[in-house]
Structure formats: structure tokens, C-alpha cells
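# Commentary on secondary and tertiary structure
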Amino acid sequence: MKSSPVTLQSIARHLNISISTVSRALRGLPEISLETRQAVVDLATKWDYQPNQLASSLVNHRTRTIGVIVPNTGYPFFSAIIASMEEAAIREGYSLLLSQSNESYQRELVHIQNLLRSQVEGIIISLARDTIDAEHLHRLVRRQVPLVMFDRYAEGVPVPHVIVDNQLAARQAVQHLLANGCRRIAYLAGLPSLKISNERLLGYQDALAEAGISFDDTLVLHCDFTPDNAIRQTNLLLAMKRPPDGILAFSDRIAMASMYALRQQGIRIPDEMAIIGFNDEPTSALLTPSLSSVAQPTYEMGQLTVSLLLAQIQAEQPIQNAVTHRLNTTLMVRESSGCPLVTG
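Residues numbered from 1 in each chain as written. Predicted model: local features only at pLDDT ≥ 70, side-chain atom pairs only at ≥ 80, totals over all residues. Heavy atoms only, no water.

## Observations concerning unusual backbone geometry
Residue proline 270 is reached from isoleucine 269 by a cis peptide bond, and omega for that bond is 5°. Geometrically, the link from threonine 288 to proline 289 is a cis peptide bond, its omega value of -5° lying close to zero. Checked against the element boundaries, proline 289 lands in the loop between β9 (274–278) and β10 (292–295). Even without glycine at this site, glutamine 119 takes up a positive phi of about 65°. Topologically, glutamine 119 is positioned in the loop between α6 (105–117) and β3 (122–125). By relative accessible area, which is 40% here, glutamine 119 ends up partly exposed. Even without being glycine, aspartate 280 reaches a positive phi, approximately 50°. (Helix = DSSP H or I, 4+ residues; strand = E, 2+ residues; numbered from the N terminus. Buried < 20%, exposed > 50% of the residue type's maximum accessible area, 1.4 Å probe, protein only.)

## What about the pattern of salt bridges?
Within the structure shown, the criterion is met by 13 salt bridges. Arginine 152 is paired through a salt bridge with glutamate 103; the nearest N and O atoms lie 2.7 Å apart. Of the two residues, arginine 152 sits in the loop between β4 (147–150) and β5 (161–164) while glutamate 103 sits in the loop between β2 (95–100) and α6, which places them 49 residues apart along the sequence. Accessibility assignment for this pair places arginine 152 and glutamate 103 in one class, buried. Residues glutamate 210 and arginine 171 are paired through a salt bridge, measuring 3.8 Å at the closest nitrogen-oxygen approach. Within this pair, whereas glutamate 210 is found in helix α9 (residues 195–210), its partner arginine 171 is found in helix α8 (residues 166–179), the two being separated by 39 residues in sequence. (Salt bridge = Lys/Arg side-chain N within 4 Å of Asp/Glu carboxyl O.)

## What to know about the sheet that holds strand β7 (residues 220–222)
The six strands lie next to each other as β7-β6-β8-β9-β10-β12, forming an open sheet whose pairing is mixed. Since the sheet does not close on itself, it has two edges, and those belong to β7 and β12 (330–332), each with one partner. Averaged over all neighbouring strand pairs, the angle between strand axes comes to 20°, with direction disregarded. This element, α9, spans β6 (185–189), β7 and β9 of the sheet and lies at about 170° to β6. Sheet contacts for helix α10 (residues 227–238): β6, β7 and β8 (246–249); angle to β7, the most-contacted strand, approximately 155°. (Pairing = 2+ DSSP bridges. Axes fitted to C-alpha atoms, helices over the stretch in contact; angles between N-to-C directions. Contact = heavy atoms within 4.5 Å.)

## Considering the nonpolar core
By size, the foremost hydrophobic cluster in this structure holds 91 residues, and its most contacted members are Ile66, Ile123, Ile125, Leu137, Val157 and Tyr204. By residue number, the principal contributor to this core is helix α5 (residues 76–91), which donates seven residues. If we skip the residues at most four places from it in the chain, leucine 137 touches Ile112, Ile125, Leu127, Leu147, Met149, Ala154 and Val157. Core analysis: the next-biggest nonpolar cluster, separate from the first, contains 11 residues, Ala12, Ile32, Val40 and Ala44 among them. (Core = buried A, V, L, I, M, F, W, Y, C linked by side-chain atoms within 4.5 Å.)

## Observations concerning the packing of α10 against helix α11 (residues 252–264)
Across the interface, α10 lies against α11 with an axial gap of 8 Å and an inter-helix angle of 50°. It follows from the interaxial angle that α10 and α11 lie oblique. When you trace α10 past α11, the crossing you get is right-handed. Contact with α10, carried on its side by Pro227, Ala230, Ile231, Thr234, Asn235 and Leu238, involves Ile254, Ala257, Ser258, Tyr260, Ala261 and Leu262 of α11 and no other residues of that element. (Parallel < 35°, antiparallel > 145°, perpendicular 65-115°, else oblique. Left-handed = near helix turned anticlockwise from the far one by under 90°.)

## Section: the packing of helix α1 (residues 8–15) against helix α2 (residues 19–26)
Interhelical geometry of α1 versus α2 gives an angle of 105° and a closest axis separation of 8 Å. Between α1 and α2, the interaxial angle falls into the category roughly perpendicular. Side by side, α1 and α2 meet where Leu8, Gln9, Ile11 and Ala12 of the first sit next to Ile19, Val22, Ser23 and Leu26 of the second. Considered class by class, the residues forming the contact of α1 with α2 number six nonpolar, two polar and no charged. (Nonpolar A, V, L, I, M, F, W, Y, C, P; charged D, E, K, R; others polar.)

Now the structure itself:
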């Protein structure tokens, strides 16, 4: 058995023929005699010859690889979307090259450069928490690198982005809290720079306005996605002279940390404080009380994102547009929001 990689050169040397003859024989070209073709194929099979796909891709300018950058693969929301993306990519003969920014703008920059060096045919990205400047995305557009953003995106970059209707989802969640008797509702938001958090803030304000309740900006506290921070912010709400009776949380992770803080303070959920999260993580239904949450269509998001990127890759001319693709959400009503009926 050969220990070194089998190459066209080694097959040619063993059969005493040229490398070009081996290459033509493996491609089944008719100018090579049947006897020679059979000898080449037999030896290639015996030695388990594997073509150098990287070298071939560089010649053809095709790697059939898509680069994907997400904030954190540990978030169930992103892992579910990645699984859907991979399914869509494989179906079309592509593979994913995955990176995570760990919420760091600097890591995001590094990953983009590494993906470009790896000759990916396009990039899908959900921005890091720390990303404010979008110049690195504009550079990709100027270089005509196919690009699609999803979930967390930057305005003004002329590429498609796939999101949910965050404003409508938040409005419906707050309307549900109001319908269950809440009148002083807080919003544990993401960072002020995060566009989707601000879209949910608009929905929160819409629902309050429709109910004739004045907006109180002291009830909006921003979280950095860490449990400790969410606990501190919840304790600040509880320390108010007039604490809230309901909370909309930017994510289930923030909601779960908030629920922990409420229990530590002896606050009964939902009797004294109702709460709704976002993302409908797998553990949300298993909590006591179970957590009401806004479910996002992760499968559809993954499929659509890959489809939009492949349309750019396969187009004869670069496609540049900032079309927003908004998908609908589903409010999974459970015990934490004041309703004993568990629907998810």
C-alpha cells in the first residue's frame, strides 16, 4: 500500500506514460486507446487516487464553497439556521465554511479575510454585537463578492438581507402581555447599536400607544447578552419605586436570566411579573414556569438566505440590491406570560 498521496505524476511514472495521457484517460477522452484508459483507471482504483479538488477549483475559478459568519454557534437560533443553510447548500452541490465572530467586530474582519483567501464563492453573515462600521461590507460589494446578511444586518449595504418582522413580533408580544393584565411593561433590549433590537423597541412602543399607555424610557434597559448583565438589569427594574409588572426580553437567554433574578427576589411568575422571550429556544418549554417566546422560522431563513446567495453567484452580472426579506414569527404562549395554556 502506498503511504504518500497518489498523484497523476505517480500513475504516469508507474505506467510509463505522460501525465496528460493519464489526465485524459481519467476523463474518458476518446483520443486515448481503450487499453490505456483501462490500465489508468485500474491503477487509479487500486491506489485509491483522489483528484486534487483545490487545484481544479483554482483553474476553473470555482470552489463551490460558501462562507458563513455568525456571532456564536452556541446560540440555538444560529445553529438551527446553519443546519438549514447546510441542507440547502448541499442540495445545490455546495458546502459551507463556517466561522463565528464571538460578537467581536475584529474577529469578523479577520474571518472575512480568511474566507476570501479560501476562495469562497460568496459570504453569508449575521453581524457581531460590536459591529457598528459597515465599511468591510461595502468593500465586499465593491469587489463584487456575493453577499447576503441575515438576522443582524447593516443598513445602506446594497445586498439582500433576511430577517423576521421584528417590529410586528414585538408589538404582538406586548399586546399579549397587555391582554393578560400587564400595564407597566419593561423591555430588556439588546445593545443600542443593534438594529433588530431597535426594531423590536418600535413594536413595543406601538403596542403601548395603541393601548393608550405613555412610553416610559426608564423601563427600557439594554443588555449585552450575558446572564450576569441581564440579572443586574432585572434587579434595577425591581428596585424602581414603581416596578414593572411585565417584561419583554430581547432573547430567551436574557429572559431566562431575568427569571432567575425574579425568583431570587421572591417574585412570582406570572402572578407578579409576566415575561416573554424571543427565539423559542428548545429549553424554553421545559422551564418552570414554561417561557412564552417569539419563535422565528429558522428553517425558512436558512433556505432563503442560501437561495439568495446562489442567485448572485450564478448570475452573469453582479446583483446588487438592498431588498429586505421579512418573514413572519409565531408567539408561543406558555405559562410565564400569564396564560396557563401551553401551545408550544
